[in-house]
Amino acid sequence: MARPASQRVIESELLDTLPANDPRAIASRSDLVRVNAVMFQSAIMTRLMRTNLERKPLRILELGAGDGRFMLSVARRLGKGWSNVELVTLDQADLMTPKVRADFDLLGWRVKPVVADVFDWIDKPQDGRFDAVTTNLFLHHFTELQLRNLLAATSGVTPCFLATEPRRSGLALWSTGWLRAIGANDVTLHDSAASVRAGFSGRELSRLWPRQSAMNLDERRVGPFTHAFAARAADR
Ligand SMILES: C[S@@+](CC[C@H](N)C(=O)[O-])C[C@H]1O[C@@H](n2cnc3c(N)ncnc32)[C@H](O)[C@@H]1O
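Under an unreviewed UniProt entry, the name given to the protein is Methyltransferase domain-containing protein, and the source organism is Devosia psychrophila.

1. Let's talk about the packing of aromatic side chains
A complete count under the given rule lists seven aromatic pairs for this structure. For the pair F119 and F142, a centre-to-centre distance of 5.0 Å together with 85° between the ring planes defines the contact as edge-to-face. Taken together, the residues span a long stretch of sequence, with F119 in helix 6 (residues 118-123) and F142 in the loop between strand 4 (132-136) and helix 7 (144-155) at a distance of 23 residues. Accessibility assignment for this pair places F119 and F142 in one class, buried. When the centroid spacing of 5.7 Å and the interplanar angle of 25° are considered together, the rings of F161 and W209 count as stacked. A residue pair is termed long-range when its members are at least 10 positions apart, and F161 in strand 5 (residues 160-166) and W209 in the loop between helix 9 (186-197) and strand 6 (215-222) qualify at 48 residues.

2. Some points on the nonpolar core
By size, the foremost hydrophobic cluster in this structure holds 29 residues, and its most contacted members are L61, L63, V118, L139, L147, L150 and F161. Among the elements of the structure, strand 1 (58-63), strand 2 (85-91), helix 6, helix 7, strand 5 and strand 7 (226-233) are those that each provide at least two residues to this core. Among the elements that take part in this core, helix 6 stands out by supplying four residues, more than any other. Among all residues touching L61, those that are not within four sequence positions of it are V88, L90, W121, F130, A132, V133 and T134. If you look at the next biggest cluster of nonpolar residues, it comprises 27 residues, including L53, V100, W109 and L162.

3. Quick word on the layout of surface pockets
Taken as a whole, the second largest pocket encloses approximately 230 Å³ of empty space. At the level of elements, helix 3 (41-52), strand 6 and strand 7 are the ones that each hand at least two residues to the lining of the second largest pocket. Split into classes, the residues belonging to the lining of the second largest pocket amount to eight nonpolar, three polar and four charged.

4. Some points on the pairing of strand 5
For strand 5, a buried count of seven out of seven residues is recorded, marking the element as mostly surrounded by other parts of the structure. By the bridge criterion, four bridges tie strand 4 to strand 5 in an arrangement that is parallel. When the sheet's bridge partners are listed, T134 is paired in strand 5 with L162. In terms of handedness, the path from strand 4 via helix 7 over to strand 5 forms a crossover that is right-handed.

About the cut-offs
- Residues numbered from 1 in each chain as written.
- Predicted model: local features only at pLDDT ≥ 70, side-chain atom pairs only at ≥ 80, totals over all residues.
- Heavy atoms only, no water.
- Phe/Tyr/Trp six-rings, centres within 6.5 Å; stacked < 30°, edge-to-face > 60°.
- Helix = DSSP H or I, 4+ residues; strand = E, 2+ residues; numbered from the N terminus.
- Buried < 20%, exposed > 50% of the residue type's maximum accessible area, 1.4 Å probe, protein only.
- Core = buried A, V, L, I, M, F, W, Y, C linked by side-chain atoms within 4.5 Å.
- Contact = heavy atoms within 4.5 Å.
- 1 Å grid on protein atoms, 1.4 Å probe; cavity = no way out; pocket = protein on both sides within 12 Å on 5 of 7 lines; lining within 4 Å.
- Points joined across faces, edges and corners; volume = space filled by probe spheres on them.
- Nonpolar A, V, L, I, M, F, W, Y, C, P; charged D, E, K, R; others polar.
- Pairing = 2+ DSSP bridges.
- Right-handed = clockwise from strand over helix to strand, strands pointing away.

Pasting the structure below:
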């Protein structure tokens, strides 16, 4: 079984370089729904949200939200007690379809998509404070320096930050080859292996969280493929 390097290796992902309406990109975003399912990402994020968020109604910011289908699946799992949520979805591409927006509406989630590069957004955050900032399969795109800046900005706008990322492990890297079996295309196969090589292990995200923050940090492997990180204000 191939082992990933002991250090993160960050390389550009094909989905980020293809035009949003390229057929291979469209197919890869559909693959991503299945990749999230086989990684149990939405079940893991749902559990993190249930454990760390008490106060409702909620304002949530999702970073690197993609087409919104990931958070929609989380919202469905959270169920009835979680209506009246305001969700700001930030992504560099305008990907959310009217159908996804309508499905959020049915659940009582009001969605405000923001199309921006996350680093432009952190230079001038304009959307106030959030009860939670969440992110899925996004942080691994960035270098340590970029992550330090991103996490510092995030800690200034929320008392609760929740992330579900790829785990950098031999098992996870080996398993990306099996995504062919669920019909994943070349873009997904490339990006999933690249994501694992850029993924996280140990306390790599905790070490990048701002030292002066008084938040409690929890970072661990969850399930076979996921690296989960939660930062939560001590008084919540
Ligand atoms: C692997 S996809 C994950 C999408 C979604 N979280 C999901 O699980 O389906 C990564 C997303 O990050 C977005 N992204 C990458 N770099 C970005 C940046 N610098 N600023 C904003 N969005 C970015 C991409 O457009 C893409 O939608």
